[in-house]
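Below, each chain spelled out in residue letters.
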Amino acid sequence: MNATPANQDVQLGMPALPAPDYPADVRARLETDAKEVIARYPGSRSALLPLLHLVQAEEGHVTRTGIRFCAEMLDLTTAEVTAVSTFYSMYRRKSSGDYQVGVCTNTLCAVMGGDAIFEELKEHLGVGNGETTGDGAVTLEHIECNAACDFAPVVMVNWEFFDNQTPETARQLVDDLRAGRTVEPTRGAPLCTFKETARMLAGFPDERPGAVEATGGAGPASLIGLRLAKGEAAPGRGADHVVSPRTTADSAPSDEPPSGHPADEAPAGHPSSHDAPQETSASDPAGPSPTTTPDGEAPPRSDDTSGPTAEEGE
């Protein structure tokens, strides 16, 4: 029998001790808030997501104590709560900074400079993805999409927008955050701490004066779909149609002048899926579709007898 090396940790397989409860005063306060949240839903377990934000607002991340609290309030197991809290990236699994700085590195932001911004901030702050500065002020992470492509590259701080960033402006942004200087988002509500943001995400109002009124909309390109849905004309297009007729090499000429939009003209021989149905094997007698007939029977064989028959081992 081989002896265990002296420098190798021995795992005894002991189960983890139950998570400690909140102090009595904190527990009472959280229970009051939790009951208000739960009352908004016809089924109590539907309140799990906002309750996770609530406990995150208490400690800055979802702790074992927070998981236990959610489970007890909703009559769930801690395993069920853990499964949800580890699925969604907005729930922090470890202590994080007062300011969550997310750099979009998805396609458009990346090519517009998002990758350069992320690399600059990692070097400048001395942290990697998902890590927090030593002073506990900033947690840096890359985000797949900030839903603000009109203003790429975009950085978000506690889910507030900082548009059209550069490596230099992003570096100044995090320096201001760490120094405690006032930082104003490009649009939207004034900046607050991550814990304060988490409480709002739990469904509690932002009570700061003027915060609710300080809203900010999306960019023009992002709003085109909304304008079309309202019957308005999109920029550069006529007001009498949303999608103009496509043209192909075989289609009849149209008296309507082209709109000038690249998507309105399909390459010759390559009709769009929006066009009228084209000749296919199902409607071409020379090439019947290899499917069953509407009655469920096998389709008739083609007159071409050059292929093997069933008797020949097809």
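Predicted model, so just to flag it, every value in this text is computed and none were measured. (Residues numbered from 1 in each chain as written. Predicted model: local features only at pLDDT ≥ 70, side-chain atom pairs only at ≥ 80, totals over all residues. Heavy atoms only, no water.)

*Asks:* I'm lost on the pairing of strand β3 (residues 138–143) in this one. Help?
*Replies:* Side chains on a regular strand alternate between the two faces of the sheet. By the criterion of burial, β3 is predominantly enclosed, with five of the six residues buried. Where strand β1 (residues 99–104) meets β3, six bridges bridge the pair, whose relative direction is parallel. Directly across from Cys104, in β3, lies its bridge partner Ile143. Two strands pair when backbone bridges link them, and strand β2 (residues 131–132) and β3 are joined in this way by two bridges, in the antiparallel orientation. When the sheet's bridge partners are listed, Glu131 is paired in β3 with Leu140. (Buried < 20%, exposed > 50% of the residue type's maximum accessible area, 1.4 Å probe, protein only. Helix = DSSP H or I, 4+ residues; strand = E, 2+ residues; numbered from the N terminus. Pairing = 2+ DSSP bridges.)

*Asks:* Even after reading the chapter, I still don't get the side chain of His61, so can you show me in this structure?
*Replies:* Turning to its location among the elements, His61 is positioned in the loop between α2 (48–59) and α3 (64–74). In this structure, His61 is in contact with Val55, Gln56, Arg92, Arg93, Lys94 and Ser95, ignoring residues within four places of it in sequence. (Contact = heavy atoms within 4.5 Å.)

*Asks:* Please clarify how unusual backbone geometry should be interpreted in this entry.
*Replies:* Note: most residues except glycine have negative phi, and most peptide bonds are trans. In this structure, Pro153 follows Ala152 across a cis peptide bond, with omega equal to -5 degrees. Here Pro153 is to be found in the loop between β3 and β4 (155–157). Despite not being glycine, Asp75 has its phi angle at roughly 55 degrees, a positive value. By relative accessible area, which is 73% here, Asp75 ends up exposed. You will see that Ala147, though not glycine, has its phi angle at about 55 degrees, which is positive. With respect to the element layout, Ala147 can be found in the loop between β3 and β4. Under the relative-accessibility criterion, Ala147 is labelled exposed at 63%.

*Asks:* Explanation requested: the environment of Cys192 in the structure shown.
*Replies:* In this fold, Cys192 is placed in the loop between α6 (167–179) and α7 (194–201). With 32 residues separating them along the chain, Cys192 and Glu160 place their C-alpha atoms 9.1 Å apart.

*Asks:* Even after reading the chapter, I still don't get α3, so can you show me in this structure?
*Replies:* Residues that lie three or four places apart on an α-helix share one face, since the helix turns once every 3.6 residues. Among the eleven residues in α3, eight count as buried, and that is most of the element. Every buried residue of α3 is accounted for by Thr65, Gly66, Ile67, Phe69, Cys70, Ala71, Met73 and Leu74. Once α3 ends, the next one or two residues include Asp75, with phi positive near 55 degrees.

*Asks:* Teacher, can you tell me more about the packing of aromatic side chains here?
*Replies:* Scanning the model with the defined rule gives three aromatic pairs in all. The interplanar angle of 70 degrees and the centroid separation of 5.9 Å between the aromatic rings of Tyr22 and Phe69 together place this pair among those described as edge-to-face. Of this pair, Tyr22 sits in the segment before α1 (24–38) while Phe69 sits in helix α3, and the two are 47 residues apart along the sequence. Taking the relative accessible area as the measure of exposure, Tyr22 reaches 8% and is therefore buried. Given a relative accessible area of 0%, Phe69 falls into the buried group. (Phe/Tyr/Trp six-rings, centres within 6.5 Å; stacked < 30°, edge-to-face > 60°.)

*Asks:* Help me out: how do you make sense of the sheet that holds β2 in this one?
*Replies:* Read from one edge to the other, the open sheet built from five strands follows the order β2-β3-β1-β4-β5, with strand pairing classed as mixed. Whereas interior strands pair on both sides, the edge strands pair on one side only; in this sheet they are β2 and β5 (160–162). Bridge analysis of β4 against β5 gives three bridges, and the strand direction is antiparallel. Bridged to Val157 within β5 is Glu160.

*Asks:* Help me understand the side chain of Thr139 in this model?
*Replies:* Inspection of the secondary structure assignment puts Thr139 in strand β3. Residue class for Thr139 comes out buried when judged on its relative accessible area of 3%. Within the structure, the side chain of Thr139 is placed 2.6 Å from the backbone nitrogen of Gly97, a separation counted as a polar contact. Polar side-chain contacts of Thr139 include one of 2.7 Å to the side chain of Thr132. Non-local contacts of Thr139, meaning those with residues more than four positions away in its chain, are made with Ser96, Gly97, Tyr99, Gln100, Val101, Gly130, Glu131 and Thr132. (Polar contact = N/O pair within 3.5 Å; in protein donor to acceptor, adjacent residues only side chain to side chain.)

*Asks:* Explanation requested: the environment of Gly128 in the structure shown.
*Replies:* Its location among the elements puts Gly128 in the loop between α5 (107–125) and β2. Residues Gly128 and Glu141, 13 residues apart in the sequence, show an inter-C-alpha distance of 7.8 Å. If sequence neighbours within four positions are ignored, Gly128 has contacts with Lys122 and Leu140.

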